[in-house]
Amino acid sequence: MPQLSRRAFASALPLGLLGGSLFGGMIEGASALAATQEAAKAPVSVTPLAQIRIGRFTVTALTDGYADMPYDYFPGRTAAEVEQAAVAQFTARPSGVRFLFNQYLVEDGERRILIDAGTAGSIGQTGQLPQALAALGLQRDQIDAVIVTHMHQDHMGGLILGGKNNYPKAELYIDRRDVTHWTDPAKRNGAPDYLQTSFKMAEEVVRLYPRLQAIDGEREIVRGVSIVDLTGHTPGHIGVRVEDGGQSLIMVSDMIFPVVHPAATDVFFLFEQDRAAAKAMRDRFFPRAASEGALIAATHMPFPGLGRVVADRGQMRWQIADWALQN
């Protein structure tokens, strides 16, 4: 079963609970109480981290931040219907459906592989991935490989923040179909305004990452880490399967969106490139995931984005994974 690591558990505790002298705390109790009361007046800033074990792999869920997507960004349902669904799930916000931007770090003691690089401040309240890595004691130049699930700005913005290569020692893997699509001038000229940032970023990624590997189809990146074809959301939308020791996790990126999925497959997101293909992929994937009980990581689901698709009285729903403190 996935396990919460000691490091992840410790990172969730206030620093005062991790060390210090019991007697010192008693002697300085009055000043400590005053400091605690003063701190309580200030907003709390926490870098969320969550770790699970998949065989020999440690998988750490990180987040770059969040943004609220307007209720009318979900073709296939009216804004009122999406808001009603959000209210029923106790997740409704005045500004829309909250999207997290989750990334996943996969480590096996030899290599560090990052799945997606976040939006880096280009959308909403984001740009926190470097701090999340730093909380693990890591800098971006310690990442050996980055897999980009598709070339929307919220998945690759962190690669090129500040107009530079932010992962200089990493091999970069992106599906060739996405590279071709997002660097095609004709496609860019015919695209709506809200996709222009992604086209611009894609050109920068290709320019700044000479070690970019445009990959074709499903393949293994390293033993136990493989690419899964989930085309539809974009032409080269992919997932990543992590598998070892009889355990597995599949990171499905934008196959699943909060509030609307997996209950329906005919609800889309504004940025979706090919709605028919996206629906067809979800029609195949959701029932299979439910039948297999697959552990899933999803970019935009509530942190840490870990859960399962389950069949409940004939309807698909998202079940948050009971992943923490497992033996």
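Note that the structure is predicted; figures quoted are calculated from it, not measured. (Residues numbered from 1 in each chain as written. Predicted model: local features only at pLDDT ≥ 70, side-chain atom pairs only at ≥ 80, totals over all residues. Heavy atoms only, no water.)

1. Some words on the pattern of salt bridges
The criterion, for reference: Throughout this description, the term salt bridge denotes a Lys or Arg side-chain nitrogen within 4 Å of a carboxyl oxygen of Asp or Glu. Only runs of H or I of at least four residues qualify as helices and only runs of E of at least two qualify as strands under DSSP, and these elements are numbered from the N terminus. The classification of residues rests on relative accessible area computed with a 1.4 Å probe and restricted to protein chains. Under 20% of the type maximum is buried, over 50% is exposed, and intermediate values are partly exposed.
By the definition in use, this model includes 19 salt bridges. With a closest N to O distance of 3.3 Å, R188 and E203 form a salt bridge. Of this pair, R188 sits in helix α8 (residues 185–189) while E203 sits in helix α9 (residues 196–208), and the two are 15 residues apart along the sequence. With relative accessibility at 38%, the residue E203 sits in the partly exposed group. A network of salt bridges, in which partner residues are shared, links R56, D108, R223 and D244.

2. Considerations on the nonpolar core
Where we set the bar: Take the buried residues of types Ala, Val, Leu, Ile, Met, Phe, Trp, Tyr and Cys, join any two whose side-chain atoms come within 4.5 Å, and each joined set is a nonpolar core. Contact criterion: two residues are considered in contact whenever any of their non-hydrogen atoms come within 4.5 Å of each other.
Ranked by internal contacts, the top residues of the largest apolar core, which has 49 residues, are L159 and Y167. Mapped onto this core, the elements with two or more residues apiece are β2 (57–69), α4 (79–88), β3 (97–107), α5 (129–135), β7 (171–175), α7 (176–182) and α9. Y167 has contacts with L114, A117, L129, L133, R140, I143, V146, G158, L159 and Y209, leaving out every residue within four places of it along the chain. One finds I52, F57, V222 and I227 within the second-largest nonpolar core, a separate group that totals 28 residues.

3. Re the packing of aromatic side chains
The way to describe two aromatic rings as a pair is by their centre distance and the angle between their planes. Selection criterion: Between 30 and 60 degrees the pair is tilted, below 30 it is stacked and above 60 it is edge-to-face, where a pair is any two Phe, Tyr or Trp rings, Trp via its six-membered ring, whose centres lie within 6.5 Å.
For the coordinates displayed, the defined rule picks out 10 aromatic pairs. Residues F285 and F286 carry aromatic rings whose centres are separated by 6.3 Å and whose planes lie at 70° to one another, so their mutual orientation is edge-to-face. Take F285: its relative accessible area is 12%, and that puts it in the buried class. In this structure an aromatic cluster arises from ring pairing among Y73, F74, F99, Y194, F257, F269 and F271.

4. Let's talk about the sheet that holds strand β9 (residues 220–222)
What counts is decided by this rule: Pairing between strands requires that DSSP locate at least two bridges from one strand to the other. Only C-alpha atoms enter the line fits that serve as axes; for helices the fit covers just the stretch in contact. Angles between N-to-C directions range over 0 to 180 degrees.
Read across the sheet, seven strands follow the order β9-β10-β11-β12-β13-β14-β15 without closing on themselves; strand pairing throughout is mixed. One side of each edge strand has no neighbouring strand; the edge strands of this open sheet are β9 and β15 (315–320). Pairs of neighbouring strands in the sheet enclose a mean axial angle of 35°, with direction left out of account. By the bridge criterion, three bridges tie strand β12 (residues 247–253) to strand β13 (residues 296–298) in an arrangement that is parallel. Looking at β13, one finds that S253 is bridged to A298. The strands that helix α10 (residues 275–292) touches are β10 (225–229), β12, β13, β14 (306–312) and β15; relative to β14, the one it contacts most, it runs at about 90°.

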